[in-house]
Amino acid sequence: MSIRGIELISFRNHDNLPIEFSHGLNVIWGENGSGKTSILEAIYTLSMGRSFRTSNRRHMIQKEKDFFRIVGNFEFHGSTTNVAMSQLQDGRKKTTINDEAIKGFKPLIGKNPVVLLSPEEQCITKGVPAERRRFFDKLFSVASYDYLLALTDFNRVLKQRNMALSAVKEGHRPPSSIHPWNEPLAEKAQKIWEMRENFWKRYNNHLKKVVEKLNDSGVELNGRYISRTLVTKEEFLDSLEKSERRDILLQRTTSGPQKDEYDFLFNKEDLRQFGSQGEHKLALILIKLAEFKFIQELNDTTPIILLDDVLAKLDFQRSEYVMSLLEKNVQTIITTTNLVNVESHGIDVKNTNNMSLYLERACSN
Ligand SMILES: Nc1ncnc2c1ncn2[C@@H]1O[C@H](COP(=O)(O)OP(=O)(O)OP(=O)(O)O)[C@@H](O)[C@H]1O
Ligand SMILES: [Mg+2]
């Protein structure tokens, strides 16, 4: 999998920027605020349908402009997929795959996978459990369209049950109006749990291998998937009934896949509570590498690697490790404020397989 080129129009600080990428290492460099992360954001948005920096697409429209448009050409086994997206200030938006309009962003997920390593992603190790759930939900959706559909289904029923709970709490409905949602919820929950178990096992295998390969005796990273209510459908239905009064009081369903947790242990201690900054950074690299291997296995394609400013935040030994992981035949797009950061690791940006792009910061910045 690779991206051949992209065009950014009125996107963040870029007026009109066409870029052609090489198959190997692409280095985007320039001062702070020159628009490096914005380029990765555009690629990520074309891959995942949404940005990693904002949930409001309109924020990506260049100030004082009416719209943004981004167009990318992805290549897989010699055939090209054109993905174009535009967003207007008035809320209208359009996404096309090979000139055919799509509804929502589901059709994009998993088609042109990317793995992003950026400071924003650090919330996977540092954030609340919901951040890790979101990370794995996204990853499993990239790997399996069935998972994405099952999750959407489950969330829809969960929302409906929660609305019924609110209606009961407020006295608009009798408690029995909740019951019709229990069976479909349990059915959909069961499906999610089965798929999570399966995907988690595969992901965790990759994580173990990645940590082994690091071969650093001071580093032990273990992942855990904790499903609090992984039980038979009947048991889950039972627990829904038992917690009904509490659920009504809180106006939300308190057991189910929406409560599952994923944890990481660094040298046997909970990373989130006890990890040092360096440990968090290293753990994220390992987690992302396992993500890369997982997608490679399940999607049968090599994701594009997006590295946002990672070298600047690591000591030389650790960045040497990151660079050594960039296997041949993997397209990587890396941003840095200084080309030397990359060149000091023996990377020759003039090699025909590589490319470098310098971004000038506008004077007004
Ligand atoms: N909607 C927008 N319209 C115009 N400019 C924007 C918009 N959103 C962000 N910017 C500006 O675009 C510039 C580039 O941001 P970006 O994060 O891509 O820079 P960067 O090169 O990654 O910087 P750094 O090295 O500090 O990470 C910033 O100055 C930012 O304030
Ligand atoms: Mg940046």
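What counts, and at which threshold
Residues numbered from 1 in each chain as written. Chains lettered and ligands numbered in written order. Predicted model: local features only at pLDDT ≥ 70, side-chain atom pairs only at ≥ 80, totals over all residues. Helix = DSSP H or I, 4+ residues; strand = E, 2+ residues; numbered from the N terminus. Rg over C-alpha atoms; globule rule 2.2 N^0.38 Å. Buried ≥ 20, exposed ≤ 12 C-beta atoms within 10 Å, placed from the backbone. Contact = placed C-beta atoms within 7 Å. Near = placed C-beta within 6 Å. Pairing = 2+ DSSP bridges. Domains from an automatic or database assignment. Axes fitted to C-alpha atoms, helices over the stretch in contact; angles between N-to-C directions. Parallel < 35°, antiparallel > 145°, perpendicular 65-115°, else oblique. Left-handed = near helix turned anticlockwise from the far one by under 90°. Nonpolar A, V, L, I, M, F, W, Y, C, P; charged D, E, K, R; others polar. Expected span 1.5 Å × (residues − 1). Core = buried A, V, L, I, M, F, W, Y, C linked by C-beta atoms within 7 Å.

A. Molecular detail of the overall build of the protein chain. Helix and strand counts for the protein chain come out as 11 helices and 14 strands. A globule of 365 residues ought to have a C-alpha radius of gyration of about 21 Å, and the protein chain, at 22 Å, matches this closely. Along the longest, intermediate and shortest principal axes, the C-alpha atoms of the protein chain span 70 × 55 × 40 Å. The proportion of buried residues among the 365 residues of the protein chain is 36%. Put simply, of all contacts in the protein chain between residues at least 6 apart along the chain, 72% involve residues at least 24 apart.

B. Molecular detail of the site of ligand 1. With respect to spatial proximity, 18 residues lie near ligand 1, and among them Asn13, Asn32, Gly33, Thr37 and Ser38 are the closest. Ranked by residues supplied to the shell around ligand 1, first place goes to helix α1 (residues 36–48) with three residues.

C. Structural context of the sheet that holds strand β10 (residues 261–266). Read from one edge of the open sheet, three strands run β9-β10-β11, paired in antiparallel fashion. Here the strands that pair on one side only, and so sit at the sheet edges, are β9 (221–226) and β11 (269–270). In the sheet, β10 pairs with β11 via two bridges, with the strands oriented antiparallel. Opposite Phe266, over in β11, you have Glu269 as the bridge partner.

D. Layout of the domain arrangement of the protein chain. By the assigned domains, the protein chain splits into domain 1 (1–113 + 301–365) and domain 2 (124–300). On the side of domain 2, 14 residues touch domain 1, which itself brings 13 residues to the contact. The greatest single-element share of the side of domain 1 that touches domain 2, amounting to three residues, is contributed by helix α10 (residues 316–325).

E. Examining the packing of helix α5 (residues 179–214) against helix α6 (residues 233–242) more closely. For the pair α5 and α6, the least separation of the axes is 9 Å and the interaxial angle reads 130°. In terms of orientation, α5 lies oblique with respect to α6. The crossing of α5 and α6 is right-handed. Contacts between α5 and α6 involve Asn182, Ala186, Glu187, Ala189 and Gln190 on the former and, on the latter, Lys233, Phe236, Leu237 and Leu240. Across the contact of α5 with α6, the residue classes break down as five nonpolar, two polar and two charged.

F. Up close: the packing of helix α3 (residues 129–143) against helix α4 (residues 145–169). Where α3 contacts α4, the two axes come as close as 5 Å, and the packing angle between them is 130°. Classified by the angle between their axes, α3 and α4 sit oblique to one another. Where α3 abuts α4, its residues Asp137, Phe140 and Ser141 lie against Tyr147, Leu148 and Leu151. Of the residues in the contact of α3 with α4, the class split is four nonpolar, one polar and one charged.

G. Structural view of the environment of Ser227. Considering the arrangement of structural elements, one finds Ser227 in the loop between β9 and α6. According to the C-beta neighbour criterion, Ser227 is partly exposed, with 18 such atoms within 10 Å. Each C-alpha atom, one on Ser227 and one on Tyr262, is 8.5 Å from the other, the two residues being 35 residues apart in sequence.

H. Highlighting α4. With 25 residues, α4 should reach 36 Å at 1.5 Å per residue; the first-to-last C-alpha distance of 36 Å fits that figure. Turning to α4, the residues buried within the fold contact α3, α5 and α7 (244–250). Remark: Gly171 follows α4 within two positions and exhibits a positive phi of approximately 80°.

I. Highlighting the sheet that holds strand β7 (residues 100–102). Reading across from one edge, β2-β1-β4-β5-β6-β7 is the order of the six strands in this open sheet, with antiparallel pairing throughout. With one partner strand each, in any of the chains shown, β2 (14–20) and β7 form the two edges of the open sheet. In this sheet, adjacent strand axes meet at a mean angle of 15° when their direction is disregarded. Relative to β7, strand β6 (residues 93–97) runs antiparallel, the two sharing three bridges. Looking across to β7, one finds that Thr95 is bridged to Ile102. Contacting β1 (2–11), β2, β4 (67–76) and β5 (79–88), α1 crosses the sheet at an angle of about 110° to β1.

J. Summary view of the pairing of β1. One ladder, built from seven bridges, connects β1 with β4; its direction is antiparallel. Bridge assignment links Leu8 to a residue of β4, and that residue is Ile70. Note: β1 against β2, six bridges, orientation antiparallel. Residue pairing across strands places Phe11 opposite His14, the latter belonging to β2. Hairpin connection, β1 to β2: the antiparallel pair is bridged by two residues, and Arg12 has positive phi, about 50°.

K. Representation of the nonpolar core in the model. Formed by 84 residues in total, the largest nonpolar core has its most connected members in Ile43, Ala283, Leu286 and Leu306. The two domains that each donate at least three residues to this core are domain 1 (1–113 + 301–365) and domain 2 (124–300). With sequence-adjacent residues up to four places away left out, Ala283 is seen in contact with Thr125, Leu221, Phe264, Phe266, Leu271 and Gly275.

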